[in-house]
Amino acid sequence: MKTYMPKGTDFNEKDGSYKRKWFVVDAEGMVLGRLATVVASILRGKNKPIFTPNIDAGDFVIVVNCDKIVLTGKKMEQKFYTYHTGYVGGLKQVPYSKLIKTKPEFVVQRAVKGMLPKNTLGKDMFAKLFTYAGAEHKHQAQKPEELKLK
């Protein structure tokens, strides 16, 4: 008996045998890292029996209420988002307390992106993530299922 290995064409939206689902996750009161691990796992397709590491078998995920996410411990003051402008002496650090107030979607996106593969496959998986600061999103036409997380 041979092991079945799905092909990339099996996940084609028009004529493929596997349809991608849409999930909506409410991030209100959730811990950032715990939310990001579940979302990254769904984007990657690890929750499906047909998971293959070299194929993007994941589903679409919509994360709402990103502005109400929680960091444990003293991370709100001690954790920094660090980046470099490209100029000499251009190392910048922004505390997460300020970043969550100004760009809450970016905080969730950065946490999830760090848990995906660092190649073109990971880029395709990341493109299926949609984040919103408020409770409203524009994907009602896709009929997303609500995903309950603890």
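Each remark here, short or long, concerns the structure printed above.
Now for a description of the structure that goes with this document. The shown structure was predicted, so the numbers you read here are calculated from the model rather than taken from an experiment. (Residues numbered from 1 in each chain as written. Predicted model: local features only at pLDDT ≥ 70, side-chain atom pairs only at ≥ 80, totals over all residues. Heavy atoms only, no water.)

This part covers the overall build of the protein. The number of helices and strands found in the protein is five helices and six strands. In the protein, the succession of helices and strands from N to C terminus is β-α-β-α-β-β-α-α-α-β-β. For the protein, buried positions account for 38% of its 150 residues. Counting only contacts in the protein whose residues sit at least 6 apart along the sequence, the fraction spanning at least 24 positions is 66%. Carbon together with sulfur atoms contributes 55% to the accessible area of the protein, which is approximately 9,600 Å² in total. Charge separation in the protein, taken as the distance between the mean sites of 27 positive and 14 negative side-chain charges, equals 7 Å. (Helix = DSSP H or I, 4+ residues; strand = E, 2+ residues; numbered from the N terminus. Buried < 20%, exposed > 50% of the residue type's maximum accessible area, 1.4 Å probe, protein only. Contact = heavy atoms within 4.5 Å. Areas by Shrake-Rupley, 256 points an atom, 1.4 Å probe, with all protein chains shown as cover. Lys, Arg positive; Asp, Glu negative; His and termini not counted. Charge placed at Lys NZ, Arg CZ, Asp CG, Glu CD.)

Structurally, K48 can be placed in the loop between α1 (32–44) and β2 (60–64). Using a relative accessible area of 17% as the deciding quantity, one classes K48 as buried. A distance of 2.9 Å separates the side chain of K48 from the side chain of D59, its partner in a polar contact. Those residues in contact with K48 that sit more than four places away from it in its chain are K19, A57, G58 and D59. (Polar contact = N/O pair within 3.5 Å; in protein donor to acceptor, adjacent residues only side chain to side chain.)

So, on to a positive patch on the surface. A contiguous patch of positive charge, built from R34, K75, K79 and R110, is present on the exposed surface. As for its placement among the helices and strands, R34 is situated in helix α1. Residue R34 is classed as exposed on the basis of its relative accessible area, which comes to 62%. (Patch = residues over 30% accessible without salt bridge, like charges linked within 9 Å, V, L, I, M, F, W, Y side chains within 5 Å. Salt bridge = Lys/Arg side-chain N within 4 Å of Asp/Glu carboxyl O.)

Let us now look at the sheet that holds strand β5 (residues 129–131). Pairing in this open sheet of four strands is parallel, and the strands run β5-β2-β1-β6 from one edge to the other. On the outer flanks of this sheet lie β5 and β6 (145–146), each paired with one strand and no other. Inspection of the sheet shows strand β1 (residues 22–26) paired to β6 by two bridges, in the parallel sense. The residue bridging F23 from the neighbouring strand is E145, located in β6. Helix-sheet contacts for helix α4 (residues 104–113) involve β2 and β5, and the interaxial angle to β5 is about 155 degrees. (Pairing = 2+ DSSP bridges. Axes fitted to C-alpha atoms, helices over the stretch in contact; angles between N-to-C directions.)

Over its 13 residues, α1 runs 18 Å from end to end, which matches the ideal 18 Å to within 8%, given 1.5 Å per residue. Burial in α1 covers these residues: L32, L35, A36, V39, A40, I42 and L43. Looking straight down α1, one finds its buried side chains confined to an arc of 160 degrees; they lie on one side. Residues of α1 that are buried make contact with β1, β2, α3 (96–102), α4, α5 (120–126) and β5. Phi turns positive one or two residues past the end of α1, at G45, with a value near 95 degrees. (Expected span 1.5 Å × (residues − 1). Arc of directions from axis to C-beta.)

Ranked by size, the top nonpolar core spans 29 residues in total, and within it L32, L35, V39, V61, V63, V108 and V112 carry the most contacts. Ignoring any residue separated from it by four or fewer positions in sequence, one finds L32 in contact with I69, V70, L71, Y96, V107, V108 and A111. Judged by nonpolar contacts, the second largest core, of six residues, contains V24, I62, V64 and Y132. (Core = buried A, V, L, I, M, F, W, Y, C linked by side-chain atoms within 4.5 Å.)

Let us now look at the packing of aromatic side chains. Evaluation of the coordinates by the stated rule reveals four aromatic pairs. Between Y81 and F106, the ring centres sit 4.9 Å apart and the planes meet at 75 degrees, which makes this aromatic pair edge-to-face. Of this pair, Y81 sits in strand β3 (residues 80–84) while F106 sits in helix α4, and the two are 25 residues apart along the sequence. Sitting over the face of the ring of Y96, K79 holds its NZ or CZ atom 5.4 Å from the ring centroid. (Phe/Tyr/Trp six-rings, centres within 6.5 Å; stacked < 30°, edge-to-face > 60°. Lys NZ or Arg CZ within 6 Å of the ring centre and 35° of its normal.)

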